[in-house]
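# Residue-level structural notes
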Amino acid sequence: MPKFTLQGRLSIDPFFVVRGIQLMATTRYHGAIKSQAAVGPSSHSVKPAARASRGVPSLDWGPLAALLAIPLGITIGGWSYYSASAPVRLRHPLHDLLRPSGVVGLWLGILGLALFLFLWLYPLRKHVRWLAWTGQVSSWLRVHIVCGLSVPVIVAAHAGWRFEGLIGLGYWAMLTVALSGIVGRYLYTHIPRSRDGLEMSIEEVASERRALITEIAAATGLSPMAIEHSLAPHRAAYQGLGLLRTVVRLVADDWERTRTLSRLRRQWSTPQPGRAPIDRRALRRAMTLSRRELGLAQQVRLLGVTRRLFGYWHVAHRPFAVTALLAVLVHVVVAWAVGAVHLGGGPS
């Protein structure tokens, strides 16, 4: 059975049956086959592509805000203490509560330590298959991101917002890890992944892109070829670029995708000769699918570049993470050894 291609890279069955819309291949297009849409009822259905794979983790703002509210609320309430110099703090009425070994300061330290140690379970989940029963990798990553962003703030409040000596070294290493994690998440979102967070194969990506084009055609009433032409990716060259210029080009590519989506929204919501504008609900659906299709097209096109950057990121990320872990463990052992850990409040 003849097939046509998406930008000469993906093949699509020439006969589509998509939730009430049949698309039949009829004529040649770009060296392959054109198709036209013929609306009609159908008993067949295709799994919605937008739900087929969503391995990109979203940021859980609710849990993150709740975790950040604890140290930030304590800091605001005890600002007169935290903003004072070290000698003045000793005579401050809140010293027994807010000092690192005080009741509040110590429990902040315990919370920060628990979350910090939890961060190290995520690499185990990624590499140990029998831990699959604990949840999807993407779910673990979402929790990992929330903990990674909140721990530096919790630990800072525990330390009284003073970073000196070994714990200062550990804190700055921890903060570096958290900031580099933002970069890591950005790169992570540029690798095609399935719902469970595992990297998709080229065949899986091709299958989902075919389904996306089909669904967009169904939502807009346009032919798959017209959709393919509208979503044609911006082809910026990445060969021969250094590390920094590659990152800049990647960000520029993301901006180009945003511009393409804005152009499509204007185009599809404006009446055209012989075609009414797409209604609001269908337009929203088409834009969601188009965003996913543009993202997949970019991910496939830049997969080699993204993997290379991700490799560099791992090399830079791990030493800071290990440094932070060692500094925290030494700090906890020393604090315990000198008797500074008393859940009811240690000695001043």
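Check the entry above for the structure.
Residues numbered from 1 in each chain as written. Predicted model: local features only at pLDDT ≥ 70, side-chain atom pairs only at ≥ 80, totals over all residues. Heavy atoms only, no water.

### Let's talk about the pattern of salt bridges
For the coordinates displayed, the defined rule picks out 10 salt bridges. Note that Arg285 and Glu215 form a salt bridge whose closest N and O atoms lie 2.7 Å from each other. With a gap of 70 residues between them, Arg285 in helix H12 (residues 280–301) and Glu215 in helix H9 (residues 202–220) connect regions that are remote in the sequence. The class of Arg285 is partly exposed, set by a relative accessible area of 25%. Here Glu256 and Arg259 are joined by a salt bridge, their closest N and O atoms 3.9 Å apart. Of the two residues, Glu256 and Arg259 are both situated in helix H11 (residues 243–268); the distance of three residues between them amounts to about one turn of the helix. (Salt bridge = Lys/Arg side-chain N within 4 Å of Asp/Glu carboxyl O. Helix = DSSP H or I, 4+ residues; strand = E, 2+ residues; numbered from the N terminus. Buried < 20%, exposed > 50% of the residue type's maximum accessible area, 1.4 Å probe, protein only.)

### Here's the deal with a nonpolar patch on the surface
A contiguous nonpolar patch, built from Leu166, Leu169, Val330, Val334 and Val338 and spanning about 430 Å² of accessible area, is present on the exposed surface. When residues of the nonpolar patch are traced back to their parent elements, those giving at least two are helix H8 (165–188) and helix H13 (303–337). The exposure class of Val330 is partly exposed, given its relative accessible area of 39%. (Patch = residues over 30% accessible without salt bridge, like charges linked within 9 Å, V, L, I, M, F, W, Y side chains within 5 Å. Areas by Shrake-Rupley, 256 points an atom, 1.4 Å probe, with all protein chains shown as cover.)

### Describing the packing of helix H5 (residues 103–119) against H13
Interaxial distance between H5 and H13 falls to 12 Å at its minimum, and their mutual angle equals 145 degrees. Here the hand of the crossing between H5 and H13 comes out left-handed. Where H5 approaches H13, its residues Leu113, Phe116 and Leu117 are matched on the opposing element by Ala324, Leu325, Val328 and Val332. Here the residues of the contact of H5 with H13 sort into seven nonpolar, no polar and no charged. (Axes fitted to C-alpha atoms, helices over the stretch in contact; angles between N-to-C directions. Left-handed = near helix turned anticlockwise from the far one by under 90°. Contact = heavy atoms within 4.5 Å. Nonpolar A, V, L, I, M, F, W, Y, C, P; charged D, E, K, R; others polar.)

### Considering the environment of Gly62
Note on placement: Gly62 falls in helix H1 (residues 61–77). A residue is classified by how much of its surface remains accessible, and Gly62, at 49% relative accessible area, is partly exposed. Taking the C-alpha atoms as reference points, Gly62 and Val146, separated by 84 residues in sequence, lie 9.6 Å from one another.

### Quick word on the packing of aromatic side chains
The description of an aromatic ring pair uses the distance of the two centres, along with the angle that the planes make with each other. Tallied over the full model, the rule gives six aromatic pairs. Centre to centre, the rings of Phe163 and Tyr171 are 4.1 Å apart; their planes meet at 10 degrees, and the pair counts as stacked. Residue class for Phe163 comes out partly exposed when judged on its relative accessible area of 24%. Take Tyr171: its relative accessible area is 7%, and that puts it in the buried class. Measuring from ring centre to ring centre gives 5.5 Å for Tyr171 and Trp172, while their planes differ by 75 degrees; the resulting arrangement is edge-to-face. The class for Trp172 is partly exposed, based on a relative accessible area of 46%. Through a chain of ring-to-ring contacts, three or more aromatic side chains come together here, namely Phe163, Tyr171 and Trp172. For the cation-ring pair, Arg89 lies above Tyr81, with the distance from its terminal atom to the ring centre recorded as 5.0 Å. (Phe/Tyr/Trp six-rings, centres within 6.5 Å; stacked < 30°, edge-to-face > 60°. Lys NZ or Arg CZ within 6 Å of the ring centre and 35° of its normal.)

### Here's the deal with the packing of H11 against H12
H12 packs onto H11 with a crossing angle of 150 degrees between their chain directions and a minimal axis gap of 10 Å. Put simply, H11 runs roughly antiparallel to H12. Relative to H12, H11 is oriented so that their crossing is right-handed. Contact with H11, carried on its side by Leu250, Asp253, Asp254, Arg257, Thr260, Leu261, Leu264, Arg265 and Trp268, involves Leu283, Ala286, Met287, Ser290, Arg291, Leu294, Gly295, Gln298 and Arg301 of H12 and no other residues of that element. Residue composition of the contact of H11 with H12, by class: eight nonpolar, four polar and six charged. (Parallel < 35°, antiparallel > 145°, perpendicular 65-115°, else oblique.)

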